[in-house]
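So the chains spell out like this:
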Amino acid sequence: MEFETLLYEVTDGVAWVTLNRPEVHNAFNQAMRQELQSLWRSLRTDAGVRCVVLTGAGDRAFCSGVDRTETMGHWLDGAGTDGGQVRPIAEPSEWSFDDPGQYLGPKTNDLWTPVIAAVNGMACGGAFYMLGEVEFIIAVEDATFFDPHVTFGMAACYESMHMVQKMPFHEAARTALLGAHERLSARRAHEVGFVSEVVPPTELRARAEWAARTIASAPPAAIRATVRSLWAARDLGRREALAMGDVLVREGSDPTSLLAGQLAFASGARLEPRIR
């Protein structure tokens, strides 16, 4: 596949998706949103991809959110005002809003192949559409996370909703309310559970690749059912999630894979796990 705003490669069942607009800190524009949506949806039926790593080009930023030049540029030429009066944001109706970040993330596009985020540099604002829908995050030591919306007069709405699902409420609230005045370090993001591992910049690709290859080596039906179970447990009530599990465990337990696993267990061979 060829893209204007993304780099894409597949090696041994692992797809590497790179946000490729480093000149604007990998900010997403409409073209990137459309390309990500197309890619996520195409991966739903790609049996050759069993895990995905999402990262950003360069070492300065994973993603700096929406490209404000594209989405807010008309305010600078006077289009946002009328006779000295600021005009309201035009939308189809008071009950709807065209969210520029909609469909950026894999889960919104119904993709249940696991996605790991490898965060290099800063991740802010609209980056949380994507980080909110990955399975886990590996970040470099100097990575930072923040949401500048309120500082620039915008409600930190969808981003906050994603963040509050991935970290303690008070940490998500502090990040949203302090805007551009404070950034969450990779160390602090790890302490509060938002980031699963912090690594030196030179080790980011290797660590993400190890995790992705390990996931890709497992039976894909079991992996996808596990991913779906995890998100069901997060999104649903306990009873509803457990009821859904009755279906997921059957769909994700392939008899051939179960037999291979039982034979491996019975042989007495055991893996040497990596301790994190």
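Keep in mind it's a predicted model, so treat the numbers as computed, not measured. (Residues numbered from 1 in each chain as written. Predicted model: local features only at pLDDT ≥ 70, side-chain atom pairs only at ≥ 80, totals over all residues. Heavy atoms only, no water.)

Examining the sheet that holds strand 8 (residues 122-124)
Defined as follows: For two strands to be treated as a pair, DSSP must find no fewer than two bridges joining them. Secondary structure follows DSSP: runs of H or I at least 4 residues long count as helices, runs of E at least 2 residues long count as strands, and numbering of each begins at the N terminus.
One open sheet holds the 4 strands; their spatial order is 4-8-10-11, and the pairing between them is mixed. Since the sheet does not close on itself, it has two edges, and those belong to strand 4 (61-63) and strand 11 (184-185), each with one partner. Judged from the 3 bridges that link them, strand 8 and strand 10 (residues 144-146) form a sheet pairing that is parallel. When the sheet's bridge partners are listed, Met-122 is paired in strand 10 with Thr-144.

Focus on the pairing of strand 3 (residues 51-56)
Under the convention used in this document: Only protein chains enter the accessibility calculation, which uses a 1.4 Å probe; a residue is then buried when its area is under 20% of its type maximum, exposed when over 50%, and partly exposed in between. The crossover handedness rule: strands pointing away from the viewer, path from first strand over the helix to second strand clockwise, crossover right-handed.
Counting buried residues in strand 3 gives 6 out of 6 residues, a clear majority hidden from the surface. Where burial is concerned, the two faces of strand 3 agree: the one with Cys-51, Val-53 and Thr-55 and the one with Val-52, Leu-54 and Gly-56 are both buried. With 6 bridges connecting them, strand 2 (residues 14-19) and strand 3 associate as parallel partners. Bridge pairing in strand 3 links Val-14 to Cys-51. Each parallel crossover has a hand, and the one from strand 2 via helix 1 (residues 30-43) to strand 3 is right-handed.

Quick look at the pattern of salt bridges
To keep things clear, this is the line we draw: A pair is scored as a salt bridge if a Lys or Arg side-chain nitrogen falls within 4 Å of a carboxyl oxygen belonging to Asp or Glu.
Under the counting rule described, the total for this entry stands at 14 salt bridges. Taking the shortest distance from any N to any O, the salt bridge between Arg-213 and Glu-209 comes out at 3.1 Å. Highlighted residues: Arg-213 and Glu-209, both in helix 7 (residues 204-216), separated by 4 residues, approximately one helical turn. You can call Glu-209 partly exposed: its relative accessible area is 24%. One continuous salt-bridge network, built from bridges that share partners, spans Glu-171, Arg-187, Arg-188 and Glu-191.

Quick notes on the nonpolar core
Short version of the rule: By nonpolar core is meant a set of buried Ala, Val, Leu, Ile, Met, Phe, Trp, Tyr and Cys residues that side-chain atoms within 4.5 Å join together. The contact definition used throughout considers only heavy atoms, calling two residues in contact when any of these lie within 4.5 Å.
Core analysis: the largest hydrophobic core is formed by 61 residues, its most contacted members being Leu-19, Leu-36, Phe-62, Val-119, Leu-131, Phe-145 and Phe-194. Here this core gets 6 residues from one element, more than from any other, and that element is helix 7. Every residue in contact with Phe-194, bar those within four places of it in the chain, is listed here: Phe-128, Leu-131, Ile-137, Phe-145, Met-163, Lys-166, Met-167 and Ala-189.

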